[in-house]
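# Structure at a glance
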Amino acid sequence: MDGLKNMMEEAVEYQLNRLLPTIPNVCSCEICRLDMAAFALNRLTPQYVRTDTGALFQKLNNSSQQAEIGVLTAVISAVKMIGEHPHHD
């Protein structure tokens, strides 16, 4: 649906971009990155917004330490799982 955005996608992408360069033995190709993002997003509560004001409000909510830890925990689990079992050779 046009006009809807899940703000958790941005949060997961941000954490993946921060974390993956620090782990040399984990594949970070586009296939693995998308698998990791899907894995993490399926474990987080979606936060859909429709307007720029809603997006700003959710960014403020997601900047709390507890929210960041939740996203980071899901991303670390995704990196561990997909890193150990990539869906390619």
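Residues numbered from 1 in each chain as written. Predicted model: local features only at pLDDT ≥ 70, side-chain atom pairs only at ≥ 80, totals over all residues. Heavy atoms only, no water.

### A short note on the overall build of the chain
A tally of regular secondary structure across the chain gives 4 helices and 2 strands. The linear arrangement of helices and strands in the chain, starting from the amino end, is β-α-α-β-α-α. Along the first, second and third principal axes, the C-alpha atoms of the chain reach 40 × 30 × 20 Å. In the chain, which comprises 89 residues, the proportion classed as buried is 29%. Within the chain, contacts between residues separated by at least 24 positions form 80% of all contacts whose residues are at least 6 apart in sequence. Accessible surface, the chain: about 6200 Å² in total, of which carbon and sulfur atoms supply 55%. A gap of 6 Å separates the mean positions of the 7 positive and 10 negative side-chain charges of the chain. (Helix = DSSP H or I, 4+ residues; strand = E, 2+ residues; numbered from the N terminus. Buried < 20%, exposed > 50% of the residue type's maximum accessible area, 1.4 Å probe, protein only. Contact = heavy atoms within 4.5 Å. Areas by Shrake-Rupley, 256 points an atom, 1.4 Å probe, with all protein chains shown as cover. Lys, Arg positive; Asp, Glu negative; His and termini not counted. Charge placed at Lys NZ, Arg CZ, Asp CG, Glu CD.)

### Describing the nonpolar core
Val12, Leu16, Met36, Val71, Val75 and Val79 are the most contacted members of the largest nonpolar core, which has 19 residues in total. Residue assignment for this core shows that the elements contributing at least two residues are helix H1 (7-19), helix H2 (30-41) and helix H4 (65-84). Top contributing element to this core by residue count: H4, with 6 residues. The contacts of methionine 36, once residues within four sequence positions are left out, are Leu16, Leu20, Val26, Cys27, Ala78, Val79, Ile82 and Gly83. (Core = buried A, V, L, I, M, F, W, Y, C linked by side-chain atoms within 4.5 Å.)

### A short note on the confidence of the model for the chain
For any part of a model where pLDDT is low, the fine detail of the predicted coordinates should not be relied upon. Here the chain averages 91 in pLDDT, while 97% of its residues score no lower than 70. By mean pLDDT, the top-scoring element of the chain is H2 (97), and the lowest-scoring one is helix H3 (residues 52-62) (75). (pLDDT = per-residue confidence, 0-100.)

### Quick look at the packing of aromatic side chains
Counted by the stated rule, this structure contains 0 aromatic pairs. Positioned over the ring face of phenylalanine 39 is arginine 43, at 3.5 Å from the centre of the ring. (Phe/Tyr/Trp six-rings, centres within 6.5 Å; stacked < 30°, edge-to-face > 60°. Lys NZ or Arg CZ within 6 Å of the ring centre and 35° of its normal.)

### Quick word on H4
The end-to-end C-alpha distance of H4, which contains 20 residues, comes to 28 Å, matching closely the 28 Å that a straight helix rising 1.5 Å per residue would cover. Among all positions of H4, only Val71, Ala74, Val75, Ala78, Val79 and Ile82 are buried. The buried residues of H4 occupy an angular sector of 140 degrees when projected down its axis, which confines them to one face. The outward face of H4, more than 90 degrees from its buried face, is lined by the exposed residues Gln65, Gln66 and Lys80. For H4, the secondary structure elements touched by its buried residues are H1 and H2. (Expected span 1.5 Å × (residues − 1). Arc of directions from axis to C-beta.)

### Here's the deal with H1
Relative to the 18 Å expected for 13 residues at 1.5 Å per residue, H1 spans 19 Å between its end C-alpha atoms, a close match to the ideal helical length. For H1, the N-terminal cap is asparagine 6; the gap from its side-chain oxygen to the backbone nitrogen of methionine 8 is 3.0 Å. (Polar contact = N/O pair within 3.5 Å; in protein donor to acceptor, adjacent residues only side chain to side chain.)

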